Amino acid sequence: MITRGEHGISRKQFSPNAIKVLYRLKDGGYDAYLVGGCIRDILLGQQPKDFDVVTNATPDQVKKLFRNCRLIGRRFRLAHIVFGREIIEVATMRGHHEAPEDKNQISQSSDQGQLLRDNVFGSIEEDAERRDFSINALYYSINDFSIHDYANGLAAIKAKQIELIGDPETRYREDPVRMLRAVRFATKLDMSIAPKSEKPIAELASLLDNIPPARLFEEVLKLFLNGKAEANFLMLRKYGLFKALFPELDQILDQNPNGLEHMLVQQMFQNTDKRIIADKKVTPAFIFAALLWFPLLKHTKQIQEREQVLEYDAFAQAMNKVLSESAQHIAVPKRFTLGARDIWHIQHRLDKRAGQRAYRLTQQPRFKAAYDFLLLRVSAGETLHTELAQWWTQYLGQDINGQKDMVKNLGHQGGPKPRKRPRRRAPKKPTEQ
């Protein structure tokens, strides 16, 4: 136990709403602690984004205390206390899932050791043992403002190591997503994964195939939209985890490790990180368009050769196939797959610029993203499209008259030839009788 005078953390550094929740639980006769990331981040000098509370009150007991509470989750029930846009997550202290079952103690595991349902409640000591990493097993008590460190989390923070609590292989089997979390925390906190926790990852990476695709989509967003996308990509590749998320792209990257494909993906992640750090908008549609681009080209070529169809028709078929296969691993919502389709479709229309085509194309909702995608392809090494990218860059910088002149200078490039008007014949004169 680290006293208030030893750790230097003040209640002012926490969310006022989180403090309200702690005091309400305390006044209700329950134990309550702030736990995990918020304690860790403050000790590391970072600003916490979320404030999670753990208590010995059951979810139903929490709901009785808070009118602004909603219960969520099946695998482990949680209480969300809603304060406008801020949500304080309250979890009941977890016990070991081998505990005897009763009506409030439900645990179920798969044949691979993965926990499917885990509504087993316990003491704070058991809860600490059930946490994933030692840096997340730090508890702040509202009673005496002390920090309880049950798994040498402070030592791990000092050593800058991500270390699993318990046997790594068992813990990864319980929840394979912990392997993705280990990578994310390592890059986010500028730490390394402890050797013992690192060792089984490559061997167990295939367990991610058992995770619901919807959950993996949420994890992918956390990995690639946190400002550390490039570092996460490289580490996922290092441990063989990227293969479980994007198997076909992973195979393509293995076949040409330093080629155009790797350049484009890595450059996309670099650009994504820069935009997020600059607080600019990033859409998952663009990220998935880039990650599935080379599998799309591969399938287009195969369909064209096999079915002897036009490239555009093969391209349309390949889009359906790639998105369908990808959905078996990651369930990307339709609004993002539609965005990726638009970005891909526009790639085939960017060289069609004659007449009103260039102007009409710029009015498409996804045009800017598609233009950025063209620039990404060129910067990664697709020199064949350098001139086209330069033309569009110049076109977008012109006023309306300048744009018209640029299109006129193209002649009829990229557009249909003008149709010849049929010559009008003079009406026949009536013949004299």
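Residues numbered from 1 in each chain as written. Predicted model: local features only at pLDDT ≥ 70, side-chain atom pairs only at ≥ 80, totals over all residues. Heavy atoms only, no water.

Looking only at helices and strands, the chain has 23 helices and 11 strands in total. The burial tally for the chain puts 47% of its 433 residues in the buried class. Of all intrachain contacts in the chain linking residues separated by at least 6 positions in sequence, the fraction that spans at least 24 positions is 66%. (Helix = DSSP H or I, 4+ residues; strand = E, 2+ residues; numbered from the N terminus. Buried < 20%, exposed > 50% of the residue type's maximum accessible area, 1.4 Å probe, protein only. Contact = heavy atoms within 4.5 Å.)

Quick look at the pattern of salt bridges now. In total, this model carries 20 salt bridges according to the counting rule given. The closest approach of N and O atoms between Arg173 and Glu169, which form a salt bridge, is 3.3 Å. With Arg173 and Glu169 both in helix H7 (residues 168–174) and 4 residues apart, this pair spans about one turn of that helix. Between Arg215 and Asp175 there is a salt bridge, with its nearest N and O atoms 2.9 Å apart. Here Arg215 is found in helix H11 (residues 213–224), whereas its partner Asp175 is found in the loop between H7 and helix H8 (177–188), with 40 residues between them in sequence. Relative accessible area serves as the criterion here: at 27%, Arg215 is assigned to the partly exposed category. One salt-bridge network, in which partners are shared between bridges, spans Arg40, Asp41 and Lys188. (Salt bridge = Lys/Arg side-chain N within 4 Å of Asp/Glu carboxyl O.)

As a further point, take the pairing of strand E5 (residues 86–92). Pairing between strand E2 (residues 52–55) and E5: 4 bridges, direction parallel. Opposite Val53, over in E5, you have Val90 as the bridge partner. Where strand E4 (residues 78–83) meets E5, 6 bridges bridge the pair, whose relative direction is antiparallel. Residue pairing in the sheet places Phe83 in a bridge with Glu86 of E5. The hairpin turn running from E4 into E5, its antiparallel successor, is 2 residues long, and Gly84 in that turn takes a positive phi close to 60 degrees. (Pairing = 2+ DSSP bridges.)

Once that is clear, we can look at the side chain of Gln403. With respect to the secondary-structure elements, Gln403 resides in helix H23 (residues 400–409). Among residues more than four places away in sequence, those in contact with Gln403 are Tyr395, Leu396 and Gln398.

A separate point is the nonpolar core. Inside soluble globular proteins, nonpolar side chains tend to come together where they are buried. Counting residues in each nonpolar core, the largest one holds 101 residues, and the members touching the most others are Leu34, Phe224, Leu241, Phe246, Leu291 and Trp344. With residues up to four places along the chain from it excluded, the contact list for Phe224 reads Ala229, Asn232, Phe233, Leu236, Phe242, Phe246, Phe269, Thr272, Ile276, Ile287 and Leu291. Ala358, Leu361, Phe367 and Leu388 belong to the second largest nonpolar core, which has 17 residues in total. (Core = buried A, V, L, I, M, F, W, Y, C linked by side-chain atoms within 4.5 Å.)

Sequence positions flagged by UniProt for "active site" (unreviewed entry) are, in local numbering, Asp50, Asp52 and Asp132. In this fold, Asp52 is placed in strand E2. Sequence-distant contacts of Asp52, that is, excluding residues within four places in its chain, are made with Tyr33, Leu34, Val35, Cys38 and Glu89. Looking at where Asp132 falls in the secondary structure, it is placed in the loop between helix H5 (124–130) and strand E8 (138–141). (UniProt positions renumbered as here; feature names shortened; annotations may be inferred.)

Read across the open sheet, the 7 strands follow the order E3-E4-E5-E2-E1-E8-E9; overall the sheet is mixed. Across the chains shown, the open sheet's two edge strands, defined by having one partner strand only, are strand E3 (69–72) and strand E9 (147–149). Averaged over all pairs of adjacent strands, the angle between their axes in this sheet comes to 30 degrees, without regard to strand direction. Across 4 bridges, strand E1 (residues 32–35) lies against E2 in antiparallel orientation. Within E2, the residue paired with Ala32 across the bridge is Thr55. Each of E1, E2, E4 and E5 touches helix H2 (residues 16–27); the most contacted strand, E5, lies at about 35 degrees to it. (Axes fitted to C-alpha atoms, helices over the stretch in contact; angles between N-to-C directions.)

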